[in-house]
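Geometric and topological summary
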Amino acid sequence: RWRLTVFSSLPPALVKLRLGALAGVGDDRARQAQLQGLVGLRGEFGGELLAVGIETNGDRDTMRRLGVRFGQGFLLGRPQELVEA
């Protein structure tokens, strides 16, 4: 777990929001408010938020509407085997 003091003492360049934090957020106004707060913090500390676990168009659209600019998940691209170049 992290504490809000982390943002002022050691601002992270990237904060990952995992699937558990995002599941069902499109229908939950309280969780949307929490995410909007994190987006506001991002503006203050200059880092970025990454939504991990985007699986539906609704997930993607909700993250965009809330101001989360980056995402990853099955909707955006399936995992691929890493091959040598």
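Above this text sits the structure in question.
Within any chain, residue numbers begin from 1 and follow the written order of that chain's sequence. Local features in this predicted model are restricted to residues whose pLDDT is 70 or higher, and side-chain atom pairs enter the listing and the counts only when it is 80 or higher, whereas totals over whole chains, interfaces and linings include all residues. For the side-chain quantities, the full set of heavy atoms in the structure was used; hydrogens and water were omitted.

Where strands meet in a sheet, backbone hydrogen bonds hold them as pairs that are either parallel or antiparallel. Should DSSP find at least two bridges between two strands, the strands are taken to pair. Each helix corresponds to a stretch of at least 4 residues labelled H or I by DSSP, and each strand to a stretch of at least 2 residues labelled E; elements are numbered beginning at the N terminus. In space, the three strands of this open sheet follow the order β1-β2-β3, with parallel pairing throughout. Edge positions in the sheet fall to β1 (14–17) and β3 (70–72), since each has one partner strand and no second. When the angles between neighbouring strand axes are averaged without regard to direction, this sheet yields 25 degrees. One ladder, built from three bridges, connects strand β2 (residues 48–52) with β3; its direction is parallel. Within the sheet, the bridge partner assigned to Ala 51 lies in β3 and is Gly 71. Axis definition: a line fitted to C-alpha atoms, over the contacting stretch in the case of helices. Angles run 0 to 180 degrees between N-to-C directions.

So, about the side chain of Glu 48. Tracing the chain through its elements places Glu 48 in strand β2. By the criterion applied in these results, polar contacts are pairs of N or O atoms within 3.5 Å in which, for protein atoms, one can donate a hydrogen and the other can accept it, and in which residues neighboring in sequence qualify only through two side-chain atoms. Within the structure, Glu 48 has its side chain in polar contact with the side chain of Arg 69 (distance 3.1 Å). Contacts: residue pairs with any heavy atoms within 4.5 Å of one another. Beyond its immediate sequence surroundings of up to four residues, Glu 48 is in contact with Ala 13, Leu 14, Val 15, Arg 42, Arg 69 and Phe 70.

Before going further, it helps to examine the side chain of Arg 42. As for its placement among the helices and strands, Arg 42 is situated in helix α3 (residues 29–45). Using a 1.4 Å probe on the protein chains alone, a residue whose accessible area is under 20% of its type maximum counts as buried, one over 50% counts as exposed, and one in between counts as partly exposed. The sign given to each residue is positive for Lys and Arg and negative for Asp and Glu; His and the chain ends receive no count. Each salt bridge in this description consists of a side-chain nitrogen of Lys or Arg and a carboxyl oxygen of Asp or Glu lying within 4 Å of one another. An unpaired buried charge is present at Arg 42: no salt bridge exists, and Glu 48, the closest side chain of opposite charge, is 4.2 Å distant. If we skip the residues at most four places from it in the chain, Arg 42 touches Gly 47, Glu 48 and Leu 49.

Let us now look at the pattern of salt bridges. The final tally for this structure, using the stated rule, is two salt bridges. Between Glu 48 and Arg 69 there is a salt bridge whose closest N-O contact spans 3.1 Å. Of this pair, Glu 48 sits in strand β2 while Arg 69 is found in the loop between α4 (57–66) and β3, placing the two residues 21 residues apart along the sequence. According to the relative accessible area criterion, Glu 48 is buried, its value standing at 18%.

Bringing the nonpolar core into the picture now. Residues enter a nonpolar core if they are buried and are Ala, Val, Leu, Ile, Met, Phe, Trp, Tyr or Cys, with the set joined through side-chain atoms within 4.5 Å. Within the largest apolar cluster, 14 residues are counted, with the highest numbers of intra-cluster contacts made by Leu 17, Leu 22, Leu 35, Leu 49, Ala 51, Met 63 and Val 68. Elements represented by at least two residues in this core include exactly β1, α3, β2 and α4. No other element matches α3, which puts four residues into this core. With near-sequence residues (within four places) excluded, Leu 17 lies in contact with Leu 22, Leu 35, Leu 38, Leu 49, Leu 50, Ala 51, Val 52 and Val 68.

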